[in-house]
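Residue-level listing of the chains:
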Amino acid sequence: KSSPTYGRIPNVIWNEENIMFNTADATPLLIREVYEYYLYTGDVATVMSIWNRIILAVDAVYIAHKDRYNFVPNEDADDWMDARILGQDSYSPRGDRQVEIQSLWFTALYAVVQMADELIRRNENYLPLLQDIDIAVVKRKRDEYLNEAEKLSRSFKKMFITKEAPYIYDHLNKDGTPDVLARPNVLLAMYYNDLPGIPSLIDRDSGLLAFKYISSNCVFEHGVASLGR
C-alpha cells in the first residue's frame, strides 16, 4: 500500500520482477470498459465480482493523487504518446495534466456511480449481492464519487476550455499554464466520455471548434500528425 503504483493497472509485465507502470490511462480506462461491458451485457455478476477492486483503484489512484483542482497529475510520457528519445526524454512531453486522462477519470467516476446505483437497486429489490459487498460502503462511495466528478467537471470547464484557439487545451503544464499546441488528444477526451448515462464533460460547441482546429492543424496531404504546426 505504500507503493506509488498501488491500485494502478500496469503498462507492461515482463516478469514478476520487471513490471512497468508508466501508463496513466489504463486504470480509468479499465473502469470505463467494465461499465461499457455492463451496458452491453447486463452482466451484474461480473461487476460484483470485481467491485471491491474497482473501489480500490479509484481510492488508491484518483482519490490519493488528485490535486487541488481534482485533476490527476502524470509524468511526460505516461500517456499513449509515450515514445522517448533513447529511452529517456519524451519526444512529445505532456506533463502533467493531460486532457484525455482527466476525461477518463471523470467518466470512470460516473461509471462507478452508475454501477453503484444498480447495486443499490438490487439491494432495495431484495436481489442477491455477493457477500463481500457492503451496501453501506456502496452508498457512501457512490455519493463521494459523484461529488468528486462534479468538482472535476467544474475545474475542467474553467481551466481546459477557452474561447480562443485551440478552444480545448491538450494539457496543463506543471506550472499550471495551458499548452496551446494542436494535438489529437482532445478527440480522445470526447470519445472516452461518450457513453450512455455519463454527462458530457465538453459542450458540443467547444468540441466542434476544437475538432475543426485540430483537423486544420494536424491533417496533411501526406497523413495525420500527432503534433500540429
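In this report, the structure presented in the accompanying data block is examined.

Each helix and strand in the chain was counted, giving seven helices and eight strands. For 229 residues, the compact-globule formula gives about 17 Å, and the C-alpha radius of gyration of the chain, at 19 Å, lands near that figure. Projected onto the principal axes, the alpha-carbon positions of the chain cover approximately 60 × 45 × 35 Å. When burial is assessed residue by residue, the chain has 46% of its 229 residues classed as buried. In the chain, the proportion of contacts linking residues at least 24 apart, taken out of those at least 6 apart, comes to 66%.

Here Ser-92 shows up in the loop between strand 4 (89-90) and strand 5 (97-98). The exposure class of Ser-92 is buried, given its relative accessible area of 11%. There is a polar contact of 3.2 Å between the side chain of Ser-92 and the side chain of Arg-183.

Time to look at the layout of surface pockets. Approximately 240 Å³ is the volume found for the largest pocket. Arg-8, His-65, Val-72, Pro-73 and Asn-74 are the residues nearest the centre of the largest pocket, which is lined by 16 residues in total. Contributing elements (two or more residues each) for the lining of the largest pocket: helix 3 (51-65) and helix 4 (99-124). Each pocket or cavity is described by its volume, and for the second largest pocket that value is around 160 Å³. Forming the boundary of the second largest pocket are Met-190, Asn-193, Asp-194, Leu-195, Ile-198, Ser-200, Ile-202, Asp-203, Arg-204, Gly-207 and Leu-208. Per element, the largest residue contribution to the lining of the second largest pocket is three residues, and it comes from helix 7 (residues 204-218). Classifying every residue of the lining of the second largest pocket gives five nonpolar, three polar and three charged.

All told, the structure shown has one cavity of 30 Å³ or more when counted by the stated rule. The space that makes up the largest cavity amounts to roughly 30 Å³. Taken together, Pro-166, Ile-168, Tyr-169, Asp-170, Leu-181, Ala-182, Arg-183, Val-186 and Ile-214 form the lining of the largest cavity. Class assignment for the residues of the lining of the largest cavity results in seven nonpolar, no polar and two charged.

Definitions and limits used
- Residues numbered from 1 in each chain as written.
- Predicted model: local features only at pLDDT ≥ 70, side-chain atom pairs only at ≥ 80, totals over all residues.
- Heavy atoms only, no water.
- Helix = DSSP H or I, 4+ residues; strand = E, 2+ residues; numbered from the N terminus.
- Rg over C-alpha atoms; globule rule 2.2 N^0.38 Å.
- Buried < 20%, exposed > 50% of the residue type's maximum accessible area, 1.4 Å probe, protein only.
- Contact = heavy atoms within 4.5 Å.
- Polar contact = N/O pair within 3.5 Å; in protein donor to acceptor, adjacent residues only side chain to side chain.
- 1 Å grid on protein atoms, 1.4 Å probe; cavity = no way out; pocket = protein on both sides within 12 Å on 5 of 7 lines; lining within 4 Å.
- Points joined across faces, edges and corners; volume = space filled by probe spheres on them.
- Nonpolar A, V, L, I, M, F, W, Y, C, P; charged D, E, K, R; others polar.

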